[in-house]
Amino acid sequence: MVSPHAAHATPEPRHLVILNAVDPYVPAFITLDRALRETIEARSQAQVEFFSETLDMHRFPRELLDDDMVALLEKKYRRLKVDVVLAITPIAVDFAQRHRDDIWPGATMVVDAVSVKSLARLALEPVVSGIPYVLAFERTLDLALRLKPNTRLIAIVSGSGPCCDYLGDLKQRLQQRSQDLEARYLVDLSLEETLAAVAELPEDAIVFFTALFRDSTGRPLVPRRVLEQLAEKASAPIFGVYGSQIGYGLTAGWIVPFDVQGRATGELIARLLAAEQTCG
């Protein structure tokens, strides 16, 4: 016989860790995170408790932080059963793959904000789930050239290193373009050098801005603020692919809707939690 107390017992809450590799106050992440949480709370049958961890390894070198972060997180989650770890951006995915068994043993891993090309490079385990992240470089380039058909020079402003895996995708798209277009890469410069270079662009140029979290001097930066500074200096229009940059100096772009990405990932996590609860 099942006791009446057991029949009406409150199910154990599910535990979700959101492992983010960027500044948690970056507008794009705030939008994604809000949509993600709202979707999970609306779709999940059980109570879900959220835990947020930021590695901030886009702005600060991860080789300086990795060991200390592992020690801290191992201590923090030692007595907590985590059901799902959501790793956001390739740096967080790499960290989670290397350390999940020590920090969150048995947790299901989900990835987000990772391009298809980066997914292949990361060699994810077959059990890892995620929503592919597609940056519309080709469509944005087409849009830019339609709006400014006399363009002869495309200046790409970006950071460098592991946090900017998308730069390779953009280079590939530009190499496939007409020989009449010159690509100038303003990459791995100081912020001052970048601003000066943009200010000197000719009239037939456009700027393609991706993201800049850290310049060549090691200075941590906020991409949206960098964009605002670029817009103050540049006479050329600035194009990009992130919706969070609209209204802050971006002329136009085929943008990534971070709220849509957050909702899609939230739906996936809610389904995973429901499946685990049924199996359990």
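Reading guide: rules and limits
Every chain's residues receive numbers from 1 upward, in the order its sequence appears when written. Totals for whole chains, interfaces and linings use all residues, but because this is a predicted model, local features are given only for residues with pLDDT of at least 70 and pairs of side-chain atoms are given and counted only at 80 or more. No hydrogens and no water enter the side-chain calculation; it runs on all heavy atoms of the structure. Pairing between strands is defined by DSSP: at least two bridges between them are needed. The secondary structure listing takes helices from DSSP runs of H or I that are at least 4 residues long and strands from runs of E that are at least 2 residues long, numbered from the N terminus. Contacts are residue-level and defined by heavy atoms, with any inter-residue pair within 4.5 Å sufficient. Only the stretch in contact is used when a helix axis is fitted, and all axes are lines through C-alpha atoms; the angle between N-to-C directions ranges over 0 to 180 degrees. Exposure is judged per residue with a 1.4 Å probe applied to protein chains only, and the accessible area is read against the type maximum: over 50% gives exposed, under 20% gives buried, and values in between give partly exposed. Two rings from Phe, Tyr or Trp (for Trp, the six-membered ring) form a pair when their centres sit within 6.5 Å of each other. Planes less than 30 degrees apart are called stacked, planes more than 60 degrees apart edge-to-face, and all others tilted. In this tally, Lys and Arg are treated as positive and Asp and Glu as negative; His is ignored, and so are the chain termini. Basic side-chain nitrogens of Lys or Arg form a salt bridge, by our definition, when they fall within 4 Å of a carboxyl oxygen of Asp or Glu. Polar contact is the term for a pair of N or O atoms within 3.5 Å; when the atoms are in protein, one must be able to donate a hydrogen and the other to accept it, and sequence-neighboring residues count only if both atoms are side-chain atoms.

Novice: Give a detailed account of the sheet that holds strand β7 (residues 182–187), specifying residues and quantitative values.
Specialist: Pairing within the open sheet is parallel, and its four strands lie in the order β7-β6-β8-β9. Strands at the two margins of the open sheet, each flanked by one partner only, are β7 and β9 (238–239). Bridge count between strand β6 (residues 153–158) and β7: six bridges; the pairing is parallel. When the bridges of β7 are listed, A155 appears paired with R184. The strands that helix α6 (residues 137–147) touches are β6, β8 (205–209) and β9; relative to β8, the one it contacts most, it runs at about 155°.

Novice: An account of the pairing of β6 is needed here, citing residue identities and associated values.
Specialist: The buried count for β6 comes to six of six residues, which makes it a mostly enclosed element. Of the two faces of β6, the one lined by L153, A155 and V157 and the one lined by I154, I156 and S158 are each fully buried. In this structure, β6 lies alongside β8, joined through five bridges in parallel fashion. Residue pairing across strands places I154 opposite I206, the latter belonging to β8.

Novice: Could you give me a rundown of the sheet that holds strand β4 (residues 108–112), with the residues and numbers involved?
Specialist: In sheet architecture, strand pairing relies on hydrogen bonds along the backbone and comes in two forms, parallel and antiparallel. Strand order in this open sheet of five strands is β2-β1-β3-β4-β5, and the pairing throughout is parallel. One side of each edge strand has no neighbouring strand; the edge strands of this open sheet are β2 (48–54) and β5 (129–130). Bridging between strand β1 (residues 14–20) and β2 involves seven bridges; their strand directions are parallel. Among the inter-strand pairings, L16 is bridged to a residue of β2, identified as F50. Where helix α4 (residues 90–103) meets the sheet, its contacts fall on β1, β3 (84–88) and β4, and the angle it forms with β4 comes to roughly 170°.

Novice: Give a detailed account of the packing of aromatic side chains, specifying residues and quantitative values.
Specialist: All told, the structure shown has five aromatic pairs when counted by the stated rule. Both rings, one in F137 and one in F208, keep their centres 5.9 Å apart while their planes meet at 55°; by these two values the pair is tilted. You can see F137 sitting in helix α6 and its partner F208 sitting in strand β8, a full 71 residues away along the chain. Both residues of the pair, F137 and F208, count as buried. Plain terms: the ring middles of Y242 and F258 are 5.9 Å apart, the flat faces sit at 15° to each other, and that makes the pair stacked. Linking Y242 in the loop between β9 and α10 (258–279) with F258 in helix α10, this pair joins segments that are 16 residues apart in sequence.

Novice: Break down the pairing of β4 for me, citing the residues and quoting the values.
Specialist: Consecutive side chains along a regular strand alternate between the two faces of the sheet. With five of five residues buried, β4 lies mostly within the body of the structure. Here β4 shows no split at all, with T108, V110 and D112 on one side and M109 and V111 on the other all buried. Sheet topology places β3 next to β4; five bridges connect them, and they run parallel. Looking at the pairing, V85 lines up with M109 of β4. Bridge count between β4 and β5: two bridges; the pairing is parallel. The partner of V110 across the bridge, within β5, is S129.

Novice: Give a description of the side chain of D112 that names residues and reports values.
Specialist: Inspection of the secondary structure puts D112 in strand β4. The charged side chain of D112 is buried without a salt bridge, its nearest counter-charge being R263 at 12 Å. A distance of 2.7 Å separates a polar atom in the side chain of D112 from a polar atom in the side chain of Q261. When neighbours within four sequence positions are excluded, D112 is seen to be in contact with L32, L86, A87, I88, T89, I131, Q261 and T265.

None of this, on its own, says anything about what the molecule does.
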